[in-house]
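What follows is each chain in one-letter form.
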Amino acid sequence: MIRASLISLLCLLLVPTHASARPAGPPVVIKKTQIRDLAAIRSSKVLRVLVNQSRNSSGEVQGEPIGVEYRRLQAFEKYLNGHARDGQKVSIKLIPKAKDQLLAALQRGEGDMVAPGELLDASAAHYVDATEPVVSHVPLVVVGVRGERSFKHPEQLSGRTLMLANGSAADEAIVQLNQKLALRKLPPVKIEWVDPSLAVEDVLEMVEAGIYHLTVVERPIAERWARVMPKLRIDRSVALSDPGDMNWYVRKDAVMLHATVDRFLETYEPPANQDVAFQKAYKDLYRVHYPLAREDRQRLEKLRPTLQRHADAQKMDWLDLAALAFKESALNPVAKGGSGATGLLQITPSAAQRVGVDNIHDVDGNVQAASKYLAMIRRKFFASPKINERERMAFTLAAYNLGPERVQAMRTEAKRQGLNPNQWFFQVERVAMEQVGMNVVSYVNSVNKYYLAYDQERSSLESPSARKVAVRE
């Protein structure tokens, strides 16, 4: 009996348990970052603010702030310096990050504060505190385009697809709505996360163009952009969730900074003219159009063999050429532009000669010259493996518009400012906005949006049966 008990006990000791299981690989070491409360910030003379990289939150055009957080942060800098002792004046340094990376960067000590300009879910973030609200009681609203069906109740979204930018606060609200729809045996609302090159303002522009049908954003953001995108429709009566607060965020150990921010926000009032520069910057910008209307599809189908042949020869995606052609000429092979630019892709004679093409007045020569010139720019200036393919194309397009040497100089300046020189979207484009304004940024964004619109329909655009139907129509 004793022997049997000892054997049983020995067997139990030899069986591995969940508590004693050891993960493979070395243990994860979490380094404690240096505490930077207000005294350390004043000593360094720099307050590092992590901002959402979208133009809505933190854009600046040739010295004029268009981001919603700029004025508030400028006022906070003035407030800090008005309470400075011994001349310890502080300047604010903006560090743009993707929205879904902001809180993690704060936790790692890469910044002292987060100013997202949008609703941000901090429930899963450790060692982070929200400040007093920057804007209180902010509802999420459905945004579509005028002329299409509007919505009055959340249940009417059943079976619809919502296009959301990365980090959107609507994610959890849609999950909860789908739970209610499931109880009523109704189809769920579908979420489609857009390409990372698109911020909330880009999604709104694509909704206005009819490329996307519906999105959900914070009401102040929808109303702000509706002033420069008049075709947007805001369904204010669709309450997807209880209104939330827009906040700034600080680390829990930055007690004095937190208290100072709260005191500032209690009395801050945004200036009445804070959106003047924003509206001026976007008033006359090129607007994206729907590139897949029937006549445009038919034109694209006729041009497709030429675009594909020359894209393949240069190891490019033919839809990149198609998107550029739609932006440059609306797919018109005889279009005329300034400075001698001509044809489908608005190539100039001098650019064509650089790649050994003389005739740019017929479609084949025009596409050959432009594709070879784009490939030359890409190979000579943006071949680094540190640049991903979508960013590489963005840099190439910017260089096609401005000249490659100028774009390279912008990358150098971006690195000097602490931005990522290998990322055009939201990083190097900030330098372009400062130096030359919105035109080149709008140019690259427009081509990118047309590419994404075409890419959504790639199978139908490349399907022989679909092409026959398009031609018959």
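Residues numbered from 1 in each chain as written. Predicted model: local features only at pLDDT ≥ 70, side-chain atom pairs only at ≥ 80, totals over all residues. Heavy atoms only, no water.

**Some thoughts on the nonpolar core**
Of all hydrophobic cores here, the largest spans 94 residues; its most connected members are Tyr212, Tyr282, Leu307, Ile347, Tyr400, Trp424 and Tyr454. When residues of this core are assigned to their parent elements, the largest contribution, ten residues, is made by helix H18 (residues 439-456). Leave out the neighbours within four places in its chain, and Leu307 touches Leu300, Trp318, Leu321, Ala322, Leu344 and Val367. With 21 residues, the next largest nonpolar core counts Ile41, Ala115, Val134 and Leu265 among its residues. (Core = buried A, V, L, I, M, F, W, Y, C linked by side-chain atoms within 4.5 Å. Buried < 20%, exposed > 50% of the residue type's maximum accessible area, 1.4 Å probe, protein only. Helix = DSSP H or I, 4+ residues; strand = E, 2+ residues; numbered from the N terminus. Contact = heavy atoms within 4.5 Å.)

**Details of the packing of aromatic side chains**
For any pair of aromatic rings, geometry is given as the distance between the ring centres together with the angle between the planes. Here the structure, examined in full by the defined rule, presents 14 aromatic pairs. For the ring pair Trp225 and Tyr282, a centre distance of 4.8 Å and an interplane angle of 75° mean the geometry is edge-to-face. Taken together, the residues Trp225 in helix H8 (residues 219-226) and Tyr282 in helix H10 (residues 276-283) connect sequence positions 57 residues apart. In this structure, Trp225 and Tyr282 share a single accessibility class: buried. (Phe/Tyr/Trp six-rings, centres within 6.5 Å; stacked < 30°, edge-to-face > 60°.)

**Quick notes on the sheet that holds strand E4 (residues 91-97)**
Here five strands make up an open sheet; going across it, the order is E4-E1-E5-E12-E6 and the pairing mixed. The two strands at the open ends of the sheet, each matched to only one other strand, are E4 and strand E6 (128-138). Pairs of neighbouring strands in the sheet enclose a mean axial angle of 30°, with direction left out of account. This element, helix H4 (residues 68-82), spans strand E1 (46-52), E4, strand E5 (113-115), E6 and strand E12 (244-251) of the sheet and lies at about 150° to E4. (Pairing = 2+ DSSP bridges. Axes fitted to C-alpha atoms, helices over the stretch in contact; angles between N-to-C directions.)

**A word on the pattern of salt bridges**
Summed over the entire model, instances satisfying the criterion amount to 28 salt bridges. For Glu301, the salt bridge goes to Arg304, with nearest N and O atoms at 3.4 Å. Placement of the pair is Glu301 and Arg304 together in helix H11 (residues 294-313), with a separation of three residues, close to one helical turn. The exposure classification of Glu301 matches that of Arg304, with both residues buried. Across the pair Arg458 and Asp317 runs a salt bridge, and its minimum N-O distance is 2.6 Å. In this pair, Arg458 is assigned in helix H19 (residues 458-462) and Asp317 in the loop between H11 and helix H12 (318-329), connecting sequence segments 141 residues apart. Salt bridges sharing partners connect three or more residues here, namely Arg55, Glu201, Asp202, Glu205, Glu429 and Lys449. (Salt bridge = Lys/Arg side-chain N within 4 Å of Asp/Glu carboxyl O.)

**A short note on the sheet that holds strand E10 (residues 215-218)**
Strand order in this open sheet of three strands is E10-E7-E11, and the pairing throughout is antiparallel. Of all the strands in the sheet, the pair left with one neighbour each is E10 and strand E11 (232-235). The sheet shows a mean angle of 40° between the axes of neighbouring strands, direction not considered. Lying over the sheet, H8 contacts strand E7 (140-145), E10 and E11, oriented at roughly 105° with respect to E10.

**What about the packing of helix H7 (residues 200-209) against H18?**
Between H7 and H18, the least distance of the axes is 11 Å, while the angle of their chain directions is 65°. As H7 packs across H18, the resulting crossing turns out to be right-handed. Between H7 and H18, the residues in contact are Asp202, Glu205 and Met206 and Asn445, Lys449 and Leu452, respectively. Residue composition of the contact of H7 with H18, by class: two nonpolar, one polar and three charged. (Left-handed = near helix turned anticlockwise from the far one by under 90°. Nonpolar A, V, L, I, M, F, W, Y, C, P; charged D, E, K, R; others polar.)

**Details of the side chain of Asn445**
By the element assignment, Asn445 lies in helix H18. Ignoring anything within four residues of it in the chain, the contact list for Asn445 reads Arg55, Asp202, Phe425 and Glu429.

**Thoughts on the environment of Gly337**
Within the fold, Gly337 resides in the loop between H12 and helix H13 (349-354). By relative accessible area, which is 34% here, Gly337 ends up partly exposed. C-alpha of Gly337 to C-alpha of Thr348: the two residues are eleven residues apart in sequence and 9.1 Å apart in space.

**Digging into helix H14 (residues 363-381)**
In this model, H14 (19 residues) spans 27 Å end to end at C-alpha, consistent with the 27 Å of a helix rising 1.5 Å per residue. Measuring from the side-chain oxygen of the N-cap residue of H14 to the backbone nitrogen of Asp364 gives 3.3 Å; that N-cap residue is Asp362. (Expected span 1.5 Å × (residues − 1). Polar contact = N/O pair within 3.5 Å; in protein donor to acceptor, adjacent residues only side chain to side chain.)

**Things to note about unusual backbone geometry**
One non-glycine residue, Ala330, lies in the positive phi region at around 55°. Structurally, Ala330 is set in the loop between H12 and H13. Unlike most non-glycine residues, Gln346 shows phi in positive territory, near 50°. Structurally, Gln346 is set in the loop between H12 and H13. Looking at Gln346, the relative accessible area reads 11%, which means it is buried.

**A word on the packing of H4 against helix H9 (residues 255-267)**
Look at H4 against H9: their axes get within 11 Å of each other, and the N-to-C directions meet at 115°. As judged from the angle between their axes, H4 and H9 are roughly perpendicular. For the element pair H4 and H9, the recorded crossing hand is right-handed. Contacts between H4 and H9 involve Arg72, Ala75, Phe76, Tyr79 and Leu80 from the first element and Leu257, Thr260, Val261, Arg263, Phe264 and Leu265 from the second. (Parallel < 35°, antiparallel > 145°, perpendicular 65-115°, else oblique.)

**Brief notes about the environment of Glu77**
Secondary-structure assignment places Glu77 in helix H4. Classification of Glu77 as partly exposed rests on a relative accessible area of 26%. Taking the C-alpha atoms as reference points, Glu77 and Lys89, twelve residues apart in sequence, are found 8.8 Å from one another. Within the structure, the side chain of Glu77 is placed 2.7 Å from the backbone nitrogen of Ile92, a separation counted as a polar contact.

**Re the side chain of Arg233**
Locating Arg233 in the fold gives a position in strand E11. Taking relative accessible area as the criterion, Arg233 reaches 10% and is therefore assigned buried. Among the polar contacts listed, one links the side chain of Arg233 to the backbone oxygen of Arg149, at a separation of 3.1 Å.

**Things to note about the environment of Ser329**
Tracing the backbone through its elements, the reader meets Ser329 in helix H12. Spatially, the C-alpha atom of Ser329 lies 41 Å from that of Lys93, the residues being 236 residues apart in sequence. Those residues in contact with Ser329 that sit more than four places away from it in its chain are Ala335, Gly343 and Leu344. Looking at Ser329, its side chain comes within polar contact range of the main-chain oxygen of Leu344, at 2.7 Å.

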